[in-house]
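Breakdown of the fold
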Amino acid sequence: MARNTMNVVKGIGAGVAAGMLFGLVSSVMMKNNHKSKRKASKAINTAQDILDGIQEMFK
């Protein structure tokens, strides 16, 4: 049962991160600004770090 719960939490975390990332990237593409592109890159890296942290917690 605990294994199923971990998979659900990982899935939710991945879905939330993917949604945030998609929203950020689409808004950056609309603006097409160098500063925004740099911020988007940092946000992508941060989202990846968050997902890695979530996965490490449940190992």
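Since the model is a prediction, treat every value here as computed from it, not as a measurement.

1. A word on the overall build of the protein
Secondary structure assignment for the protein yields two helices and zero strands. For the protein, the accessible area works out to roughly 4800 Å², and carbon and sulfur atoms hold 63% of it.

2. Focus on a nonpolar patch on the surface
Together, Val-8, Ile-12, Val-16 and Met-20 make up a nonpolar patch on the protein surface, roughly 390 Å² of accessible area in all. Within the fold, Met-20 resides in helix α1 (residues 2-31).

3. Considering the environment of Leu-21
Turning to its location among the elements, Leu-21 is positioned in helix α1. Counting along the chain gives 19 residues from Leu-21 to Ala-40, while the straight-line C-alpha distance between them is 8.4 Å.

Cut-offs applied
- Residues numbered from 1 in each chain as written.
- Predicted model: local features only at pLDDT ≥ 70, side-chain atom pairs only at ≥ 80, totals over all residues.
- Heavy atoms only, no water.
- Helix = DSSP H or I, 4+ residues; strand = E, 2+ residues; numbered from the N terminus.
- Areas by Shrake-Rupley, 256 points an atom, 1.4 Å probe, with all protein chains shown as cover.
- Patch = residues over 30% accessible without salt bridge, like charges linked within 9 Å, V, L, I, M, F, W, Y side chains within 5 Å.
- Salt bridge = Lys/Arg side-chain N within 4 Å of Asp/Glu carboxyl O.

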